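Read off the chains here:
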Amino acid sequence: MRHLIEPEDLTIDEINRLVEVGLDMYNNPKVYNKICDGKILASLFFEPSTRTKFSFDSAMMRLGGNVIGFADASTSSTSKGESLADTIKVMGAYADIIVMRHPKEGAPKLASQYSRLPIINGGDGGHQHPTQTLTDLITIKRFKETVNGHNVAFCGDLKYGRTVHSLIRTLARFGNTKFILISPDELKLPSALKRQLINQYGVELVEVTSMEDVIDDIDILYMTRIQKERFFNEEDYLKLKNSYKLTREKLKNAKPDMIVMHPLPRVNEIGYDVDDDKRAVYFEQAEMGVYVRMALISMMLEVGPYARS
Amino acid sequence: MLEVKGIENGIVIDHIQAGKGLKVFNRLFSATDNSVVLLMNVTSKQLGRKDIIKIENTFDVNMDILGIIDPNITVNIIKNNKLVEKLKAEIPKSLKGGLQCQNPRCITHTDDYAEPEFKLISANGKLEYECSYCEEITVYKL
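Because the structure is a prediction, the values reported are computed rather than measured.

Here the focus is the sheet that holds strand β5 (residues 82-88) of chain B. All names here are of chain B. Read from one edge to the other, the open sheet built from five strands follows the order β2-β3-β1-β4-β5, with strand pairing classed as antiparallel. Only two strands of the sheet have a single neighbouring strand rather than two, namely β2 (36-44) and β5. Adjacent strand axes in the sheet meet at a mean angle of 20° when their direction is disregarded. As defined by bridge partners, strand β4 (residues 74-79) adjoins β5 across six bridges and the pair is classed as antiparallel. Its bridge partner being in β5, T74 is matched across the sheet by K88.

Turning to the sheet that holds strand β9 (residues 259-261) of chain A, a few remarks are in order. Residue and element names in this part refer to chain A. Spatially, the five strands line up as an open sheet ordered β7-β6-β5-β8-β9, and their pairing is parallel. Sheet topology places β7 (204-208) and β9 at the edges, where each strand pairs with a single neighbour. When the angles between neighbouring strand axes are averaged without regard to direction, this sheet yields 20°. Of the pairings in the sheet, the one linking strand β6 (residues 178-182) to β7 comprises five bridges and is parallel in character. Bridge pairing links K178 to E204 in β7. Packed onto the sheet, helix α5 (residues 130-144) meets β8 (220-223) and β9 and runs at close to 165° relative to β9. Contacting β5 (152-155), β6 and β8, helix α6 (residues 162-173) runs over the sheet at an angle of about 165° to β5.

With that settled, consider the domain arrangement of chain B. Residue and element names in this part refer to chain B. Here chain B is described as being made up of domain 1 (10-88) and domain 2 (94-141). Distance from the C-alpha centre of domain 1 to the C-alpha centre of domain 2: 25 Å. Contact residues are listed per partner, giving six residues for domain 1 and seven residues for domain 2. At the boundary of domain 1 with domain 2, total buried surface from both sides reaches about 550 Å², with 56% on carbon and sulfur atoms. The largest per-residue losses of area from domain 1 upon contact with domain 2 belong to R27, D64 and I68, which jointly make up 73% of the total buried on that side. At the junction of domain 1 and domain 2, the tally comes to zero salt bridges. At the boundary of domain 1 and domain 2, one finds zero residue pairs in polar contact (both at pLDDT 80 or more). Those elements that place two or more of their residues in the side of domain 1 that touches domain 2 are α1 (21-28) and α2 (63-69). The element that contributes the greatest number of residues to the side of domain 1 that touches domain 2 is α2, accounting for four residues. Of the residues assigned to the side of domain 1 that touches domain 2, the class counts are three nonpolar, no polar and three charged.

Let's shift gears to the nonpolar core. Residues F154, L171 and F179 of chain A are the most contacted members of the largest nonpolar core, which totals 58 residues. When residues in this core are grouped by element, the largest group, 11 residues, is from helix α10 (residues 282-301) of chain A. Among the domains, domain 1 (7-127 + 289-306) and domain 2 (130-286) of chain A are the pair contributing at least three residues each to this core. Residue contacts for F154 of chain A: discarding those within four places in its chain leaves V164, L167, I168, L171, F179, I180, L181, I182 and Y222 of chain A. Core analysis: the second largest hydrophobic core is formed by 47 residues, A42 of chain A together with I11, I13 and I77 of chain B among them.

Turning our attention to the UniProt feature "domain: Aspartate carbamoyltransferase regulatory subunit C-terminal" (unreviewed entry) in chain B. Sites flagged by UniProt as "domain: Aspartate carbamoyltransferase regulatory subunit C-terminal" (unreviewed entry) map to residues 96-138 of chain B. A distance of 13 Å separates the end C-alpha atoms of residues 96-138 of chain B, which is 0% helix and 35% strand.

What follows covers the UniProt feature "binding site: carbamoyl phosphate" (unreviewed entry) in chain A. Residues and elements named next belong to chain A. Listed under "binding site: carbamoyl phosphate" (unreviewed entry) in the UniProt record, and renumbered for this structure, are R51, T52, R101, H129, Q132, L264 and P265. Its place among the elements puts H129 in the loop between β4 (119-124) and α5. When near neighbours in sequence (up to four residues on either side) are disregarded, H129 contacts T52, R101, G122, G123, R162, T163, S166 and R293. Side chain to side chain, H129 and R101 meet in a polar contact 3.3 Å long. Tracing the backbone shows Q132 in helix α5. A relative accessible area of 7% means that Q132 is categorised as buried. Beyond its immediate sequence surroundings of up to four residues, Q132 is in contact with T163, Y222, P263, Q285 and R293.

Criteria and thresholds
Residues numbered from 1 in each chain as written. Chains lettered and ligands numbered in written order. Predicted model: local features only at pLDDT ≥ 70, side-chain atom pairs only at ≥ 80, totals over all residues. Heavy atoms only, no water. Pairing = 2+ DSSP bridges. Helix = DSSP H or I, 4+ residues; strand = E, 2+ residues; numbered from the N terminus. Axes fitted to C-alpha atoms, helices over the stretch in contact; angles between N-to-C directions. Contact = heavy atoms within 4.5 Å. Domains from an automatic or database assignment. Buried area = accessible area lost by both parts, 1.4 Å probe. Salt bridge = Lys/Arg side-chain N within 4 Å of Asp/Glu carboxyl O. Polar contact = N/O pair within 3.5 Å; in protein donor to acceptor, adjacent residues only side chain to side chain. Nonpolar A, V, L, I, M, F, W, Y, C, P; charged D, E, K, R; others polar. Core = buried A, V, L, I, M, F, W, Y, C linked by side-chain atoms within 4.5 Å. Buried < 20%, exposed > 50% of the residue type's maximum accessible area, 1.4 Å probe, protein only. UniProt positions renumbered as here; feature names shortened; annotations may be inferred.

And the structure:
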């Protein structure tokens, strides 16, 4: 039995196959709509989520399976003081696979130590969010044909943004050699991660504070929200929340085939006037998340294209 | 000169960097019911000054904790007035317990099932340990 706690739990070959299977599920959904018949996904969200929770629910339903769970820890026995390990042990009898989101970093790893079901990490604090990374990769593949060989820029909260941390490490594993990092000084990529990227993968990191200086050189612009819930004090949040805003005006200098991605939800970092630009693919990105999660559930339950012969 | 007699059964923690003896005592032996002698600023040929701790009727000591406080520490195990074993502390490559993860959002702070576990990342002047749960680096200055 295996778990998906961080992107490194998957090999590059496995990620490539998940992306291929996910794209096939997107193009031919009917082929797969019964492969999880009789299977149950436990969807344990100890922290609020819209996209991740509902895309997993949707993914399981589109595969013909069922979903149980909670969307708020206050409606579970956690509110009565039950430990995470006990909750996970109990769910072992009720479902076939678990997806969980938890505000505490490392919680999915702890859960995996006590689970008899496969665990998928649906996000743990500011730490890891591997299925967002898969969502990002399938989106890049759909719109740019290859995962490799693009000039990728990350913009906004690079310090607390777990989606950025997961994606940048995975893109480095795929052999991408250069990244542009656009952020205020207070929200720069953590130095431990920078050190890992440079020492382990030999990548070049270009750090700038102005989007305008580099926008004409970017193939993939990955925008992020300044996340209020990651700040301990409101003052720091208010100071930084309006740091970067992508507008139609700024896009004038961008390449015609650049794509703009965002893990969503956005607040004001991308103007609504950008939505109609063909380079804005963030809603398609959210859509692709369903299909790559369908592929992942199939892989972990060993059904459909992953059934053992 | 101050003289402290040897112990019949127990351990002698020697070669503690001067000033760190109290830290060793607080981390490892503050709750002991056994007799303890803490010697500070003792003259040493090797170190100039050193601290020493002697504890009676105790034979277990967490060498990992000693290793992160001061890797030069040695431990002599005494039984029936005889030195039966001499141990040398080392900087531990992995660590279970002993440190608190410095990330306030880490699960190890709130869940009793999650005992902090760390992997040594760097030992250049300061010890950097990566938490096995949240992967945050916790720094311990030597």
